[in-house]
Amino acid sequence: MKKDRGKVWLGVAAIVENQAGEWLLVKKTYGGLKGVWSLPAGFVQEAETVTAATTREVLEETGIICKVKGLAGFRSGVILNDISDNMAIFHCEPIDNNQQFVLQEKEIVEACWMAPTDIVQHELSSVMLREMAHQQVISHIHPIIEGINPGDVFGYSEYHLYFKK
């Protein structure tokens, strides 16, 4: 059964960068990104921060455990003059660089590590992926600022800010 996400969507994607400077890429089995290289991505669920959604999606799709380092960028668009489609894109690093892929086979057909210079040239790179690699987004990360309480009156159980220092 397809989940009704309403008309305002919030998704996340992860640029997981290993020690060699390569990015974790996936090929999806469905939708507009079927058969092309893209980032691990998905939707934010209820009672979940964008960072929690990011690490969950990477783990679910690839088996890779990662840590969010900062905000790389934000993508926003409107689909068919009807649905607001928004995505926060995070820079992440794997917890262990020796992890093996464990693919979510219903959604992901293949995963790999690829250098940004190769992403720009690869014919199967998605448009957004190619543009991010070309623009060298990793050099423009807004790091996570944690440990701030905006006030108990708000009742936040988790709170993060993202600003370039």
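Please refer to the structure higher up on the page.
These figures come from a predicted structure and were not determined experimentally.

Concerning the layout of surface pockets
Think of a ball as big as a water molecule: rolled over the atoms, this probe shows where empty space is left.
Now for step 1: Considering only enclosed or pocket space, the largest pocket measures out at about 1100 Å³ in volume.
Now for step 2: For the largest pocket, the lining is made up of 36 residues, of which K28, Y30, A41, G42 and F43 are closest to its centre.

A word on the pairing of strand β1 (residues 8-16)
Now for step 1: Where β1 meets strand β6 (residues 83-94), nine bridges bridge the pair, whose relative direction is parallel. Within β6, the position partnered with L10 by the bridge is N86.
Now for step 2: Alignment of β1 against strand β4 (residues 41-43), held across three bridges, turns out to be antiparallel. In the sheet register, G11 faces β4, and the bridge partner there is F43.

Describing the pattern of salt bridges
Now for step 1: Under the defined criterion, the tally for this structure stands at eight salt bridges.
Now for step 2: E93 serves as the salt-bridge partner of K69, at 3.8 Å between the closest nitrogen and oxygen. Here K69 is found in strand β5 (residues 66-79), whereas its partner E93 is found in strand β6, with 24 residues between them in sequence.
Now for step 3: Residue classification places K69 among the partly exposed positions, given a relative accessible area of 35%.

Remarks on the nonpolar core
Now for step 1: Ranked by internal contacts, the top residues of the largest apolar core, which has 18 residues, are I15, W23, L25, L39, I89, L129 and M132.
Now for step 2: Elements with a contribution of two residues or more to this core: β1, β2 (23-28), β6, β7 (108-114) and α3 (127-134).
Now for step 3: Among the elements that make up this core, the one with the highest residue count is α3 (three residues).
Now for step 4: Those residues in contact with M132 that lie beyond four places of it in its chain are I15, W23, L39, I89 and V137.
Now for step 5: One finds A14, V16, V58 and Y162 within the second-largest nonpolar core, a separate group that totals 15 residues.

Cut-off values and rules
Residues numbered from 1 in each chain as written. Predicted model: local features only at pLDDT ≥ 70, side-chain atom pairs only at ≥ 80, totals over all residues. Heavy atoms only, no water. 1 Å grid on protein atoms, 1.4 Å probe; cavity = no way out; pocket = protein on both sides within 12 Å on 5 of 7 lines; lining within 4 Å. Points joined across faces, edges and corners; volume = space filled by probe spheres on them. Pairing = 2+ DSSP bridges. Helix = DSSP H or I, 4+ residues; strand = E, 2+ residues; numbered from the N terminus. Salt bridge = Lys/Arg side-chain N within 4 Å of Asp/Glu carboxyl O. Buried < 20%, exposed > 50% of the residue type's maximum accessible area, 1.4 Å probe, protein only. Core = buried A, V, L, I, M, F, W, Y, C linked by side-chain atoms within 4.5 Å. Contact = heavy atoms within 4.5 Å.

The values are spatial; any link to function lies outside them.
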